[in-house]
Amino acid sequence: MTALHFQPVLQRLPFLLGGVATTVLLSVASFGAGLFLAGGLAVLRAEGPKAGRRFGTIYSTIMTNTPQLSQIFAIFYCLPLLGVIVSPFASVFIGMALNAAAYLADILTTGLGRVPPLYHDAAASLGLTRRQAYMRVIFPHALQTMAPALANHFQIMILGSSMASIFGVEDLTGRAYDVGSTTFRILEVMLVTGVLYALLSIALTGLFALGRRLFEGAA
């Protein structure tokens, strides 16, 4: 068995770390956009008209039962056919956000369903509009039960963002391929990259948990 040699890879570590920023930006931005869309889907499925509820159900069914990679490929190749030119990063961002919206909508729907009717009544008695009721009363309470599931999906998105390299995005995995092709130490590169992903995932989910505690403390 050939011995492992990490020195050529570690010498290119600064270059590898340069892809971390792209990975973080892609993961955080797509999660945030997906969560925003999921909020609308969850409310639509809970209180929308029949057609709206049906749309939300069909959307979630399609997006959660087809590969995310296929969805990104569709965006990457179909948008230019419609005359819309987007960068590889934007294509991956849109695909990840739309996919996340479906999964996060399921999480939000479950969380909103666990909010006691008393909270809805209290918001109505205060004269809050439906939007104000959701933003100030219902969503903050539901967050207490949704937070673990949201954090888990965020972690999945961090790791899943590695598929961006397929489309030429210079994220952590994309740079790992570059280092592997120049050093011919692909196994060592992937081992180091795996450790970097693990550290990144732990750090970001830790920040997510910290933000949750601060939010609950402020509430």
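Residues numbered from 1 in each chain as written. Predicted model: local features only at pLDDT ≥ 70, side-chain atom pairs only at ≥ 80, totals over all residues. Heavy atoms only, no water.

An unreviewed UniProt entry annotates the chain as Amino acid ABC transporter permease of Gluconacetobacter asukensis. UniProt lists a comment for the chain under the heading Sequence similarities (unreviewed entry), and it reads "Belongs to the binding-protein-dependent transport system permease family. HisMQ subfamily." (UniProt positions renumbered as here; feature names shortened; annotations may be inferred.)

## Considerations on the overall build of the chain
Secondary structure summary: the chain contains 10 helices and 0 strands in total. Helices (α) and strands (β) of the chain occur, in sequence order from the N terminus, as α-α-α-α-α-α-α-α-α-α. Taking the principal axes of its C-alpha atoms as reference, the chain extends roughly 70 × 45 × 30 Å. The buried share among the 219 residues of the chain stands at 37%. By element, 69% of the accessible surface of the chain is carried by carbon and sulfur atoms, the whole surface being about 11,800 Å². Counting 13 positive and 8 negative side-chain charges, the chain places the centres of these two groups 9 Å from one another. (Helix = DSSP H or I, 4+ residues; strand = E, 2+ residues; numbered from the N terminus. Buried < 20%, exposed > 50% of the residue type's maximum accessible area, 1.4 Å probe, protein only. Areas by Shrake-Rupley, 256 points an atom, 1.4 Å probe, with all protein chains shown as cover. Lys, Arg positive; Asp, Glu negative; His and termini not counted. Charge placed at Lys NZ, Arg CZ, Asp CG, Glu CD.)

## Digging into the nonpolar core
In this structure, Leu16, Val92, Leu104, Leu112, Ile138 and Leu150 are the most contacted members of the largest nonpolar core, which totals 49 residues. Contributing elements (two or more residues each) for this core: helix 3 (20-47), helix 4 (50-64), helix 6 (88-113), helix 8 (130-160), helix 9 (172-183) and helix 10 (186-218). Excluding residues within four positions of it along the chain, leucine 150 makes contact with Phe31, Leu35, Leu104, Ile107, Leu143 and Phe208. (Core = buried A, V, L, I, M, F, W, Y, C linked by side-chain atoms within 4.5 Å. Contact = heavy atoms within 4.5 Å.)

## Things to note about the packing of helix 4 against helix 6
At a minimum axis separation of 9 Å, helix 4 and helix 6 run at an interaxial angle of 120°. Note that helix 4 runs across helix 6; the crossing there is left-handed. For the pair helix 4 and helix 6, the contacting residues are Tyr59, Ser60, Met63 and Thr64 in the first and Leu98, Asn99, Ala101, Ala102, Tyr103, Ala105 and Asp106 in the second. Of the residues belonging to the contact of helix 4 with helix 6, the class tally is 7 nonpolar, 3 polar and 1 charged. (Axes fitted to C-alpha atoms, helices over the stretch in contact; angles between N-to-C directions. Left-handed = near helix turned anticlockwise from the far one by under 90°. Nonpolar A, V, L, I, M, F, W, Y, C, P; charged D, E, K, R; others polar.)

## Some details on the pattern of salt bridges
Under the criterion given, the structure shown has 3 salt bridges. For the salt bridge of arginine 185 with glutamate 188, the shortest nitrogen-to-oxygen distance reads 2.7 Å. Per residue, the accessibility class of arginine 185 equals that of glutamate 188, and both read buried. (Salt bridge = Lys/Arg side-chain N within 4 Å of Asp/Glu carboxyl O.)

## Regarding the packing of aromatic side chains
Counted under the stated rule, the structure contains 6 aromatic pairs. With a centroid separation of 5.0 Å and 90° between ring planes, the pair formed by phenylalanine 76 and tyrosine 77 is classed as edge-to-face. Between arginine 12 and the ring centre of phenylalanine 15, over which it is positioned, the NZ or CZ distance is 5.0 Å. Positioned above the aromatic ring of phenylalanine 15, the side-chain terminus of arginine 175 is 4.5 Å from the ring centre. (Phe/Tyr/Trp six-rings, centres within 6.5 Å; stacked < 30°, edge-to-face > 60°. Lys NZ or Arg CZ within 6 Å of the ring centre and 35° of its normal.)

## With respect to the environment of arginine 45
Checked against the element boundaries, arginine 45 lands in helix 3. As for arginine 45 and alanine 105, which are separated by 60 residues in sequence, their C-alpha atoms are 9.0 Å apart. With sequence-adjacent residues up to four places away left out, arginine 45 is seen in contact with Arg53, Gly56, Thr57, Ser60, Ala105, Asp106 and Thr109. At 3.0 Å, the side chain of arginine 45 and the side chain of aspartate 106 are in polar contact. (Polar contact = N/O pair within 3.5 Å; in protein donor to acceptor, adjacent residues only side chain to side chain.)

## Observations concerning the UniProt feature "transmembrane region" (unreviewed entry) in the chain
Within this numbering scheme, the UniProt entry marks residues 20-44, 72-98 and 189-210 as carrying the feature "transmembrane region" (unreviewed entry). Across residues 72-98 one finds 78% helix and 0% strand; the C-alpha atoms that close the span lie 9 Å apart.

## Let's talk about a nonpolar patch on the surface
A grouping of Leu4, Phe6, Leu10, Tyr177, Ile186, Leu187, Met190 and Leu191 is seen on the molecular surface, where their side chains present a nonpolar patch of about 690 Å² in accessible area. Looking at the nonpolar patch element by element, the count peaks at 4 residues for helix 10. Among the structural elements, leucine 191 can be located in helix 10. According to the relative accessible area criterion, leucine 191 is partly exposed, its value standing at 41%. (Patch = residues over 30% accessible without salt bridge, like charges linked within 9 Å, V, L, I, M, F, W, Y side chains within 5 Å.)

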